[in-house]
Structure formats: C-alpha cells, structure tokens
Amino acid sequence: MKYNSVIALITAGFCLAVQGYAQSVNGVTHSGQSTGQPPFPVTSYMELPNPAVTNLDLWEKVKGTKVSWGSTDIRYKKEEPAPVGSIKKEIALTAWKGERVASQFVVWGDQPLTDLSFSVSDLVYKNGKYTIGNSRLLCGFVRYVMTDELNKDGKGGCGDRPDAAAFDSSLVADPIDHLTHTLSLPARCTQGGWVRVWVPQESLPGLYEGTVTVKDGEKILETLALTVQVKDRTLPLPSDWSYHLDLWQNPYAIARYHQVEPWSDAHLECMRPYMEMYRQAGGTVITASIMHKPWNGQTYDYFESMVTWMKKMDGSWSFDYAVFDRWIGFMMNVGITQEINCYSMVPWRLSFQYFDQATNSLKQLDTKPGDPEYEKVWVALLKSFAAHLKEKGWFDITHISMDERPMPVMQETLKVIRKADPDFKVSLAGALHEELSDDLDDYCVALRMKYSEETKKKRREEGKITTFYTSCEEPRPNTFTFNPPAECEWFSWYAAKEDLDGYSRWALNSWVIEPLLDSRFYTWPGGDTYLIYPGARTSMRYERLIAGIQAFEKIRILKKEFKASGNQRAIKKIEKTLGRFDENTLETIPAAVVIEEANKIINSF
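Numbering of residues starts from 1 in every chain and runs along the sequence as written. Local features in this predicted model are restricted to residues of pLDDT 70 or higher, and side-chain atom pairs are both shown and tallied only at a pLDDT of 80 or more, whereas totals for entire chains, interfaces and linings draw on every residue. For the side-chain quantities, the full set of heavy atoms in the structure was used; hydrogens and water were omitted.

The protein chain is annotated in an unreviewed UniProt entry as DUF4091 domain-containing protein from Parabacteroides faecis.

Encoded structure:
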C-alpha cells in the first residue's frame, strides 16, 4: 500500500477518535479527556491532539530550527513546514497614529523545542528620544483549536450537526494566547507568534524600530527586525469611530465557563476584560434579553430573561428590572453607551415564560403577534418598560429588537409597540423589506441582500443606522474558524464600498463547551458562535475584524478631507479600490489579495 494511502487511513481513524472525546464532569460535557486537564481552563491549557498525521516527506528538507516573518493571512498548519520561500528576517509595517497593526512570525524545525518563548523590544524613534513601549504591544502565540467544515454542498453551514464524524475535523490556528509565555514543541511542528503594535495617537510621525527575539530556553533561535512607519495622520479613539459594530454579547456563557453565580460581583469582574475588548474594537451596542430564550436556545448557553415577568393574583402583570439594570449599568461603566438592543418580542418559539403568583410556579404563555393575549401582555410590558427606561435616562438609546422575522409578523408587532409608546425605537436584523424601512431606526440585512441607493440615502438623511450581517448561510466571507482570517477584515471594506454604517454578528462570545480546545458545535460550523476566547484572548479573526474597521474609518476621514479640498481624483481612486470588494469574486480572488492592494492605496495618501 502506498505511503499516502496509509496516512489517509490512519488520519481518518484518528479523526473519529478525536471527534468522540466528550466526557461528563459535574453534569457538563467537556473536552478535556484527550488532554487530561480539568474542564474550563483559563490561564493555561493543552490543545487537543492533532487529527492530521505528520507527513514525513514534507519535512525531509528541513534541517534545524527555522524562524521567519510570515503573514497574518495564513493559518499555518501545525503538522507541516511553514510555506516560506525564503527566510524573512525583517518586516516593515505602516500605520496612522492611533492605529493597530500586526505581524506574524513562524517557527518550525526537525528538532523538539522544550521552552519556546519570544520577547519584543520597545520600538524606538530614529533619534532615540521617543518609543512605543511594551504597554502598547500585544504579543502571543497563535494557538490551535479544533474546527470542522461547511456543509457537504459547500454552500453554507446551516443545519444541525449531531454526528461530528460526518464532518472533516482539523486543528487550525486562531486563538492568540497572550497568557502562555512558553511552549514545548515536538519535532516536525510549526508554531506562529503574533505581534500587534497599537501606535499612540500622540506619536511623532516617522520610523520606529524594534526587534523580536525568539528563544528556546536561554538559546536565541533568531532575532527578527520589526519597523513601523508612522504617518502624519491620526485615527480617532474607538469611542469616536463612526462605525456601527454590533457583536452580540452573552453574559451567561461567561458565568458558566468561569463557574460563577450569574450577576454576582464575581460575574461582573469576570466579564469586564471581555467587554473591554469589545469596547476597544469600537463596539456600540449592548445586547439585552427581555424574555426567556429569545432564540430558543440556539447557543450552548442560552439567554435567560433580564426582565422578570409576573402574573399577579388579580390577573394583572408586573415586571422587575433588577438584572437588566445591573447588566446595562455595568456595560455603561465599561464605556459602551450608544445603543441597547432588547430581544425579542417575536422569539423563534412563540412562547413566553412568566412567574404565576396564583400557583407559585413558572408557566408558559403561547401566543403570537395578532392574538389579543399577545397584545395585552406586550402592551403591559412595554408601557412599564418605557417608564422605567425614561426614569433611568436610557429610553432614547433603547431599541425593541427582532431578528429574521417575516414582514407580516413585523407589521403586527409594530402595531403593538406603537400602541404602548409611539416613541420607542425599533431594530431588525433580517430580510430586506424596504417598506419596513421607515419604521426601523436600526436596520441590518444579510450580506446577500442589497439596499437600494434611495433607501440608503433616505436613512442616512434621517440619521438611521443601516448595516449588514453574515450568518451560517454565507460560505464566504465569514467568521468560521476554517475561513481565511482576511475575510473578517473584508467586511468593513465592503461596508465602505456600499456606504453602510457597519456590521453585525451574533457571535462575540457565545462559547461552545470548551472554546479554547474545540470550536465545533452540534448546530453550526466551527467558530460561528464566538470571536474571542476565555482568558480575554483575542483571535486572528477578531484582530482582522478590527483592522477592517480601522480601514473603514481611514476611508471616511480621507474622503471627507478630499471632498472638502475638491480632490476628485483621490476620491475616484478610493472608489475604484473599493469596487473590488465583491463577495462573488472571493472564490477566485481571495480577500487577502484585494485587501493588500487596497491598503497600499489607502496608505499612499
């Protein structure tokens, strides 16, 4: 039997073994059996075994340990030598003041490394008087997490996945682990390292130089040169960005993973670094659930109601907002203050949980828009909610929010909202129904749907938010852990091209069972439900998402400047560049290619 055929059979068998690793601890299924570690690791962890068998033929020409700058576009395979044509010891980045720029180096070799580490020096200005110091750097190993694939037709990822063995699984590079400072690598293994520089806004323009020292124990494996050319242009602070970033947050996932009581002081402290990450990405919207399971438990940790519903002895309704207030107050304190989106008057399962005072028990009310009982209970809630929001000073930024609901249902729902309080703002993430546009203050449609130019213009003139989202339906571009990371940056270039306000994804941190180890889920493709990892670890996907938002802001600033100065030639150059961001060409022209060329144009101004 040929060598490659043997490898294929071994790999297939090992994949099945890895896919069956689940174990139950304290009633929670977890992923630690294959590594022998306790469930829910935070500060340090061991990755799952690699289902891909090392192909020795690929390593034949590798002698010793190699270190080179690589690309932030590549998820380097753990079991293969890095596809680096020639060793690159220097890399030059370009940034505006206030911008984050990143690079990835890669280590591979035929010998084991017992104590791999790296350090980054301060970046020093040419005269030595000014530096970009350690506090402005994010450094971490690019770790590996299990993923799967699209549905077999390659047209998307929607649908249940009860049999993990039916989908090809592999380890992919994605989490950026700033908490693990040393790694032990076996022979014939590849490992990436990430270096991000956040240039201070007050930096002098010019060249900043530094080094990255890669070591195994005390032995220096390589010293790489890193330079950042800082341009005389300034990117605003994330709090001043115009981009509308709506990544749905899941506080219940954090409580479960960190094993803390929901809404306790410990829970809030656990959440703070994650929500700070969201703020620093320019996050603008707070996700709030005002009824039980608005999405019928489509995530591993479903959303409880932040509002307590109670039907009293006399049949009237009362509502308590203690949890809602604690959550919103916390997020406001973090610095996310622009919008509150409350889900959902039209949940996926039209059933509403409440506490029945007469029977001292939880009950379900099954009703739908258009029913008298639906109108009665929701008018009662919304009137009470409006009064509470006005008392707290939050009414003007609060939206009653729905997602993926049909137009007739939305029309019935809007009647109830207007009856309760005609001044309530409303948001919808779903299908494009331009006849609903006037009623929606925040409208977000799927990437494949296109607003008319007239609708976008009118909404902009009225100060309304107009965005797009991706879901399990799009094979590309998307945020799955097996998608090229550049696709996460592509979104915001596309938003600039289409003159949209931003992007939405349901997936800040709706973690699977053990997200550091395994991004697969029994309903959606790997990584669909989250972009950041436990331990407040960022990811290749999240970093590229931020890079795209920065590009959007740079384009906005440049176009405003060129319009004021009458520089039509520069505006046309930008528009021509943006014209290449077409989702229909991504199969033949990868996102990384168009982004690289677009960045050269934008950074030339």
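**What to know about the confidence of the model for the protein chain**
Segments scoring low in pLDDT should not have their predicted coordinates read at a detailed level. Our working rule: pLDDT gives the predictor's per-residue confidence on a scale running from 0 to 100. Two residues form a contact once any of their heavy atoms are found within 4.5 Å.
Taken as a whole, the protein chain shows an average pLDDT of 93; of its residues, 95% reach a score of 70 or greater. Note on residues 1-28: pLDDT under 50 across the span, and 49 contacts to partners over four residues away in sequence or across chains.

**Description of the nonpolar core**
This is how it is decided: Only buried Ala, Val, Leu, Ile, Met, Phe, Trp, Tyr and Cys residues count toward a nonpolar core, and they belong to the same one when joined by side-chain atoms within 4.5 Å. A 1.4 Å probe rolled over the protein chains alone gives each residue an accessible area, and that area as a share of the maximum for its type sets the label: buried under 20%, exposed over 50%, partly exposed in between. Comment: elements are numbered from the N terminus, with helices defined as DSSP H or I runs of at least four residues and strands as E runs of at least two.
If you look at the biggest cluster of nonpolar residues, it comprises 145 residues, and the most contacted ones within it are W309, F324, W327, W378 and Y542. It is helix α10 (residues 540-565) that provides the largest number of residues to this core, a total of 11 residues. Setting aside anything within four residues of it in sequence, one finds Y542 in contact with L247, M277, Y278, A281, L508, L531 and I532. If you look at the next biggest cluster of nonpolar residues, it comprises 31 residues, including I132, F141, V195 and V214.

**Quick look at the environment of L185**
Here L185 lies in strand β11 (residues 183-185). Between the C-alpha atom of L185 and that of S289, which follows or precedes it by 104 residues, the distance is 44 Å.

**A word on the UniProt feature "domain: Glycoside hydrolase 123 catalytic" (unreviewed entry) in the protein chain**
Rules: UniProt positions are given in the numbering used here, feature names are shortened, and annotations may be inferred rather than shown by experiment.
UniProt marks residues 248-558 with the feature "domain: Glycoside hydrolase 123 catalytic" (unreviewed entry), using the numbering shown here. Measuring from the first to the last C-alpha atom of residues 248-558 gives 30 Å, for a span that is 36% helix and 19% strand.

**Some words on the packing of helix α9 (residues 486-498) against helix α12 (residues 591-602)**
Helix packing for two helices is described by the angle between their axes and how far apart those axes are. Test applied: Here, axes are lines fitted to C-alpha atoms. For helices the fit covers the stretch in contact, and angles between N-to-C directions go from 0 to 180 degrees. If an angle is under 35 degrees, it is roughly parallel; if it is over 145, roughly antiparallel; if it lies from 65 to 115, roughly perpendicular; otherwise it is oblique. Crossing handedness follows the turn of the near helix against the far one: under a right angle anticlockwise gives a left-handed crossing, and clockwise gives a right-handed one. Residues are grouped as follows: nonpolar covers Ala, Val, Leu, Ile, Met, Phe, Trp, Tyr, Cys and Pro; charged covers Asp, Glu, Lys and Arg; every other residue, Gly included, is treated as polar.
For the pair α9 and α12, the least separation of the axes is 9 Å and the interaxial angle reads 50 degrees. With respect to their mutual orientation, α9 and α12 come out oblique. Note on packing geometry: the crossing formed by α9 with α12 is left-handed. Residue-level contacts link A486, E487, E489, W490 and W493 of α9 to A591, A592, V594, I595, A598, N599 and I602 of α12. Looking at side-chain class alone, the contact of α9 with α12 contains 9 nonpolar, 1 polar and 2 charged residues.

**Brief notes about the environment of L237**
Looking at the element boundaries, L237 is found in the loop between β14 (219-234) and β15 (244-247). For L237, a relative accessible area of 43% translates into the label partly exposed. Linking L237 and G282, residues 45 residues apart in sequence, is a C-alpha distance of 8.6 Å.

**Re the layout of surface pockets**
Remark: the empty space left among the atoms is shown by a probe the size of a water molecule rolled over them. Basically, it comes down to this: Of the grid points, spaced at 1 Å and generated over the protein atoms alone, those admitting a 1.4 Å probe that cannot get out make up cavities, while open sets with protein on both sides within 12 Å along at least five of seven lines make up pockets; any residue with an atom within 4 Å of a point is treated as lining. Grid points are joined across faces, edges and corners, and a volume is the space filled by probe spheres set on the points.
The space that makes up the largest pocket amounts to roughly 830 Å³. Together, 31 residues line the largest pocket, and T72, L93, A102, R544 and N599 are the ones closest to its centre. Per element, the largest residue contribution to the lining of the largest pocket is 7 residues, and it comes from α10. For the second largest pocket, the calculated volume is near 580 Å³. Forming the boundary of the second largest pocket are 17 residues, of which R460, A496, D499, R556 and K559 lie nearest the centre. Looking at the lining of the second largest pocket, the elements with two or more residues in it are α9, α10 and α11 (568-578). Element by element, the count of residues in the lining of the second largest pocket is highest for α10, at 6 residues.

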